[in-house]
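# Structural features, examined
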Amino acid sequence: MTRRAAADVRLDSLLRTACDVIVERGLANTRTADVAAAAGVSQALVFYHFATKERLLAQAFAYAVEQELSRLDAVLRSATPPLTKLRRILRLYTPTGRPWAMWIDGWAESLRTPELEKVCRRLDLRWREDLAAVISAGVADGTFDCADPAGAAWRINAVMDGLAVQLAVHERVISRRQFGEWIRLVTARELGLDPAQLV
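Residues numbered from 1 in each chain as written. Predicted model: local features only at pLDDT ≥ 70, side-chain atom pairs only at ≥ 80, totals over all residues. Heavy atoms only, no water.

In the nomenclature of an unreviewed UniProt entry, the protein chain is known as TetR family transcriptional regulator of Micromonospora humidisoli.

Listed below in structure tokens is the structure:
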């Protein structure tokens, strides 16, 4: 293994470890010393790779979210029709585990950390842009009836975010079943569909 390849493996391992520490401690309470200790490396090595704590947190957040976005990319690259892609995107967005804990924490910490806010905004916009692209494709082939795909994507995404926070943070306030039903209802109304078509 070349020195460069070894450094890439070490960086990947540090990012994975940082994600674990962040989920356990939260973004605001994670120190570079915590990540170094969990990874079994010196704090100097962490700073060598990331320079600042803020950069470490932003890159770890991006790393975690990019794992989820790779699943979204697979949906978008598939040769399936827009309605099938839309169904899959809605399923992907259902809050589960670590990614959602980090999203919620990332949104909150973005109020105080400009570097994290930039990463959070870029990744958040990606979801909406990809959803708008699927809606536009469905309008073009006559599957969806929507005069404003970009606006519809924003409105659908806003409802998904709000319900996802309730589902992820407040135990038993709403159920996963309710989350799915309400998202399908809102999406169907935006796109001129019957909610049953999104099951």
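## Some remarks on the packing of helix H2 (residues 32–39) against helix H3 (residues 43–50)
Contact geometry for H2 and H3: axes closest at 8 Å, N-to-C directions at 110°. Taken together, the axis directions place H2 and H3 in an arrangement best described as roughly perpendicular. As for the relative orientation of H2 and H3, their crossing is right-handed in sense. Contacts between H2 and H3 pair Thr-32, Ala-33 and Ala-36 from the former with Gln-43, Val-46 and Phe-47 from the latter. Classifying every residue of the contact of H2 with H3 gives 4 nonpolar, 2 polar and no charged. (Axes fitted to C-alpha atoms, helices over the stretch in contact; angles between N-to-C directions. Helix = DSSP H or I, 4+ residues; strand = E, 2+ residues; numbered from the N terminus. Parallel < 35°, antiparallel > 145°, perpendicular 65-115°, else oblique. Left-handed = near helix turned anticlockwise from the far one by under 90°. Contact = heavy atoms within 4.5 Å. Nonpolar A, V, L, I, M, F, W, Y, C, P; charged D, E, K, R; others polar.)

## Comments concerning the UniProt feature "DNA-binding region" (unreviewed entry) in the protein chain
Under the UniProt annotation, the feature "DNA-binding region" (unreviewed entry) is placed at residues 31–50. The span residues 31–50 is 80% helix and 0% strand, and its two end C-alpha atoms sit 13 Å from each other. (UniProt positions renumbered as here; feature names shortened; annotations may be inferred.)

## Details of the pattern of salt bridges
One pass over the structure, following the stated rule, counts 13 salt bridges. Note that Arg-126 is salt-bridged to Asp-73, the shortest N-O span being 2.4 Å. Separated by 53 residues along the polypeptide, Arg-126 in helix H7 (residues 114–140) and Asp-73 in helix H4 (residues 53–77) bring together distant segments of the chain. For Asp-73, a relative accessible area of 25% corresponds to the partly exposed category. The structure contains a network of salt bridges with shared partners spanning Arg-25, Arg-31 and Asp-34. (Salt bridge = Lys/Arg side-chain N within 4 Å of Asp/Glu carboxyl O. Buried < 20%, exposed > 50% of the residue type's maximum accessible area, 1.4 Å probe, protein only.)

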